[in-house]
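Below, each chain spelled out in residue letters.
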Amino acid sequence: MKIYNTLTKKKEEFIPLEPNQVKMYVCGPTVYDYIHIGNARPMVIFDTVRRYFEYKGYQVNYVSNFTDIDDKLIQKAKQEQTEVSLIAQHFILTCKQDMESLNIRPATVHPLATNEMDSIIEMITMLIQKGYAYPKEGTVYFRTKKFSHYGSLSHKNLEDLQSGNRTLLVSGVAQKEDPLDFVLWKPKKEGEPFWSSTWSEGRPGWHIECSAMCKKYLGDQIDIHAGGEDLIFPHHENEIAQSEALSETQFARYWMHNAFLNINHKKMAKSEKNFFTVREIAEKYSGNILRFFLLNAHYRSPLNFSEDLMLSAKNALERLITGIEKLSTLEAQNLSPDLQEKERNDQKQLHSLIQKYEQAMEDDFNTADAIAAIFECIKLSNSTANQNSSLAYVKECKTCIVQLCSVLGIDTERANEILDEEIEELIAQRTQARKEKNFTLADDIRKQLEKMDIILEDTRNGVVWKRL
Ligand code: AMP
Ligand code: ZN
């Protein structure tokens with residue numbers, strides 16, 4: 001299995017630290033608002049990576065944190081005149097609901113920074129003891145230049161970083177020994193939540209939280225560390241410095257980063273106010289469709305969000321489900337049980353498509369090509385499975401397609417349920433429009449349904465619909 005490693009800028013063969021085990025850490029969201037569909041991209045991608053490893057027989061220890069204390073949370077609590085912890089609790093809950101709607105499985109552990117203060121403080125203390133960190137007036141800084149390979153992940157060199165950071169010295173952070181030093185602990189401001197430490201009453205910096213949680217739940221060395229590409233610098237670079245300064249061993253063997261979900265070719269972000277929350281999208285498209293849309297591009301390619309692409313994702317998923325339904329219908333018929341000689345060739349073709357799917361996934365998780373292989377399976381079963389087929393063949397086609405979808409987290413049964421509801425709703429709107437003699441609207445709805453491969457038939461007993 002090959003994984004593109006940001007550290008080496010190469011696709012590398014995956015060799016686990018321990019046979020058949022994967023230790024994986026994925027940086028989770030800051031919980032001060034509902035997650036947007038950009039935040040959902042790493043969640044869906046790395047959940048799929050986890051599922052694929054499991055499909056291949058690995059046991060995956062998957063840790064993903066929630067950042068439940070930071071400036072944005074504090075600001076939100078002030079605005080809402082409430083406690084930071086209540087804001088965090090609320091948005092952790094809504095995030096978990098959104099994850100469920102996207103069929104993202106809960107991590108093995110979802111640690112919260114605020115529950116891990118002892119480990120965080122202990123790690124900072126050890127970094128000070130080793131000379132990698134120093135306290136100054138209640139703040140603790142990491143001594144960046146002491147860490148000899150700082151910049152190795154982001155492929156930046158210290159001199160360039162230094163010239164880029166000169167302004168920091170001028171802008172009042174003069175207490176640092178060096179402009180590149182970053183914060184491990186900072187004193188509280190009036191009214192902010194705080195934890196006691198020997199340096200000050202305060203709270204940790206964001207980077208040390210992940211290093212400490214990763215060490216506690218997975219150990220000093222892990223297989224895969226992942227997140228969005230905006231985390232490469234400084235977050236992941238700083239995590240490497242903190243963790244490796246202490247452990248003196250390589251922190252993560254493979255660093256995986258997803259490209260952005262864009263809108264009008266610009267990163268979707270809260271700060272840009274150009275985002276859609278997962279909830280907003282769910283009003284129109286099921287979580288399954290959103291997941292399918294996100295997996296239709298390779299995770300290292302930027303993906304531009306548009307209504308048109310969502311609609312084609314919806315239609316494609318619908319075709320997939322119709323194909324599976326056809327197999328279910330056949331399965332319920334009285335077919336001859338055993339595989340027939342004439343089916344051997346089709347079965348072979350099916351097996352080679354499974355291989356094609358696996359090859360795509362093993363080439364740095366090329367989900368787009370994996371989905372294409374699933375569609376080839378559908379094409380094959382549509383053209384070969386019929387009343388004259390054996391139950392063995394029909395069953396094998398169905399089991400294979402359902403399983404390949406489920407490794408991608410595409411829930412073929414759930415999608416069907418939701419889409420039926422939507423179809424009925426559209427038909428009801430069309431019937432109403434016709435009653436009101438608004439034939440243009442009625443016609444538009446019929447066309448919309450046709451695009452979804454739904455055919456309507458107006459009968460004396462009302463509207464009957466079927467999938468193409
Ligand atoms: P945050 O809550 O901003 O720390 O983000 C949580 C995760 O979502 C991180 O891994 C980010 O890199 C990722 N992320 C944020 N915005 C986007 C986006 N537009 N596209 C892809 N990933 C994103
Ligand atoms: Zn992190």
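Residues numbered from 1 in each chain as written. Chains lettered and ligands numbered in written order. Predicted model: local features only at pLDDT ≥ 70, side-chain atom pairs only at ≥ 80, totals over all residues. Heavy atoms only, no water.

Participant: It is not clear to me how the pattern of salt bridges should be interpreted in this structure. Could you clarify?
Facilitator: Oppositely charged side chains may form a pair once their charged atoms are brought near each other. With the rule as written, the count across this model stands at 32 salt bridges. Where lysine 284 meets glutamate 307, a salt bridge forms, and the shortest distance between an N and an O atom there is 2.8 Å. Note that lysine 284 is positioned in the loop between helix H9 (278-282) and helix H10 (287-295) and glutamate 307 in helix H11 (residues 307-331), a separation of 23 residues in sequence. When its relative accessible area of 39% is taken as the criterion, glutamate 307 is described as partly exposed. The shortest N-O distance in the salt bridge between arginine 446 and glutamate 450 comes to 2.7 Å. Here arginine 446 pairs with glutamate 450, and both are found in helix H16 (residues 439-451), just four residues apart, close to one helical turn. The exposure class assigned to glutamate 450 is partly exposed, which follows from its relative accessible area of 37%. (Salt bridge = Lys/Arg side-chain N within 4 Å of Asp/Glu carboxyl O. Helix = DSSP H or I, 4+ residues; strand = E, 2+ residues; numbered from the N terminus. Buried < 20%, exposed > 50% of the residue type's maximum accessible area, 1.4 Å probe, protein only.)

Participant: Help me out: how do you make sense of the sheet that holds strand S5 (residues 133-136) in this one?
Facilitator: In a beta sheet, neighbouring strands are held together by backbone hydrogen bonds and run either parallel or antiparallel to one another. Within the open sheet, the four strands sit side by side as S5-S6-S7-S8. Their pairing is antiparallel. The outermost strands of the open sheet, each flanked by one partner alone, are S5 and strand S8 (202-204). Strand-to-strand twist of the sheet, defined as the mean angle between neighbouring strand axes without regard to direction, takes the value 20 degrees. Sheet topology places strand S7 (residues 182-187) next to S8; three bridges connect them, and they run antiparallel. (Pairing = 2+ DSSP bridges. Axes fitted to C-alpha atoms, helices over the stretch in contact; angles between N-to-C directions.)

Participant: Just to check I follow, could you spell out the packing of H10 against H11 for this structure?
Facilitator: Packed helix pairs are characterised by how far apart their axes lie and by the angle those axes make with each other. One can describe the packing of H10 onto H11 by two numbers: an axis separation of 9 Å at closest approach and a directional angle of 105 degrees. Put simply, H10 runs roughly perpendicular to H11. Within the contact between the two elements, H10 uses Asn288, Ile289, Leu290, Phe292 and Phe293 and H11 uses Leu309, Met310, Ala313, Lys314, Ala316 and Leu317. Across the contact of H10 with H11, the residue classes break down as nine nonpolar, one polar and one charged. (Parallel < 35°, antiparallel > 145°, perpendicular 65-115°, else oblique. Contact = heavy atoms within 4.5 Å. Nonpolar A, V, L, I, M, F, W, Y, C, P; charged D, E, K, R; others polar.)

Participant: Could you clarify how one ought to interpret the sheet that holds strand S3 (residues 21-26) in this entry?
Facilitator: Strand order across the open sheet formed by four strands is S4-S3-S9-S10, with parallel pairing between neighbours. Of all strands in the sheet, those with a lone pairing partner are strand S4 (59-64) and strand S10 (252-258), marking the two edges. On average, each strand axis in the sheet is inclined to that of its neighbour by 20 degrees, with strand direction left out of account. The sheet contact formed by strand S9 (residues 222-228) and S10 spans six bridges and is parallel. Bridge pairing links glycine 227 to histidine 257 in S10. With respect to the sheet, helix H1 (residues 37-55) is in contact with S3, S4, S9 and S10, its orientation differing from that of S4 by roughly 160 degrees.

Participant: Looking at this model, I keep getting lost on the coordination of the zinc ion (ligand 2). Mind explaining?
Facilitator: Bound to the zinc ion (ligand 2) on the protein side are Cys27 (SG), Cys210 (SG) and His235 (NE2), at distances that span 2.0 to 2.2 Å. Counting the intervening residues between successive donors of the zinc ion (ligand 2) yields the motif C-x182-C-x24-H. Linking cysteine 27 in the loop between S3 and H1 with cysteine 210 in helix H7 (residues 206-218), this pair joins segments that are 183 residues apart in sequence. Since its relative accessible area comes to 12%, cysteine 27 is described here as buried. (Donors = N, O, S within 2.8 Å, 3.2 Å for Na, K, Ca; no water.)

Participant: Looking at this model, I keep getting lost on the side chain of threonine 139. Mind explaining?
Facilitator: Relative to the assigned elements, threonine 139 resides in strand S6 (residues 139-142). Not counting residues within four places of it along the chain, the set of residues in contact with threonine 139 comprises Tyr134, Gln175, Val183, Trp185 and Pro187.

Participant: Honestly, the site of ligand 1 in this entry has me stumped. Any pointers?
Facilitator: If you check the shell around ligand 1, you find 16 residues, and the closest are Thr30, Gly228, Asp230, Leu261 and Met268. At a separation of 3.0 Å, an oxygen atom of ligand 1 approaches a polar backbone atom of threonine 30. Counting only elements with at least two residues in the shell around ligand 1, the list comes to H1 and S9. No other element matches H1, which puts three residues into the shell around ligand 1. Residues that form the shell around ligand 1 fall into these classes: seven nonpolar, seven polar and two charged. (Near = heavy atom within 4 Å. Polar contact = N/O pair within 3.5 Å; in protein donor to acceptor, adjacent residues only side chain to side chain.)

Participant: So what exactly am I meant to see when it comes to the nonpolar core here?
Facilitator: Soluble, globular proteins show a tendency: their nonpolar side chains are buried together. If you look at the biggest cluster of nonpolar residues, it comprises 132 residues, and the most contacted ones within it are Phe53, Ile224, Tyr357 and Phe365. With residues near it in sequence (within four places) discarded, phenylalanine 365 still touches Met1, Ile3, Val49, Tyr52, Phe53, Met256, His298, Tyr299 and Ala360. Of all hydrophobic cores here, the second largest spans eight residues; its members include Ile423, Ile427, Ile445 and Met452. (Core = buried A, V, L, I, M, F, W, Y, C linked by side-chain atoms within 4.5 Å.)

Participant: Please clarify how the environment of serine 119 should be interpreted in this entry.
Facilitator: One can find serine 119 in helix H4 (residues 117-129). Beyond its immediate chain neighbours, meaning those up to four positions away, serine 119 contacts Ala212 and Lys216.

Participant: Can you help me understand the packing of helix H2 (residues 71-79) against helix H3 (residues 84-101) in this one?
Facilitator: Following both chains from N to C, one finds H2 and H3 inclined at 105 degrees, their axes separated by 8 Å at the closest point. As the angle between them shows, H2 and H3 are arranged roughly perpendicular. Seen from H2, the contacting residues are Leu73, Ile74, Lys76 and Ala77; seen from H3, they are Val84, Ile87, Ala88 and Phe91.

Participant: Would you mind showing me how to read the packing of aromatic side chains here?
Facilitator: A ring pair, where both rings are aromatic, is described by two values, the distance of the centres and the angle of the planes. Scanning all chains against the criterion turns up 17 aromatic pairs. Taking 6.0 Å as the distance between ring centres and 70 degrees as the angle between the ring planes, the aromatic pair formed by phenylalanine 14 and tyrosine 58 counts as edge-to-face. With phenylalanine 14 in the loop between strand S2 (10-13) and S3 and tyrosine 58 in the loop between H1 and S4, the pair connects residues that are 44 residues apart, well separated along the chain. With relative accessibility at 5%, the residue phenylalanine 14 sits in the buried group. You can call tyrosine 58 buried: its relative accessible area is 17%. (Phe/Tyr/Trp six-rings, centres within 6.5 Å; stacked < 30°, edge-to-face > 60°.)

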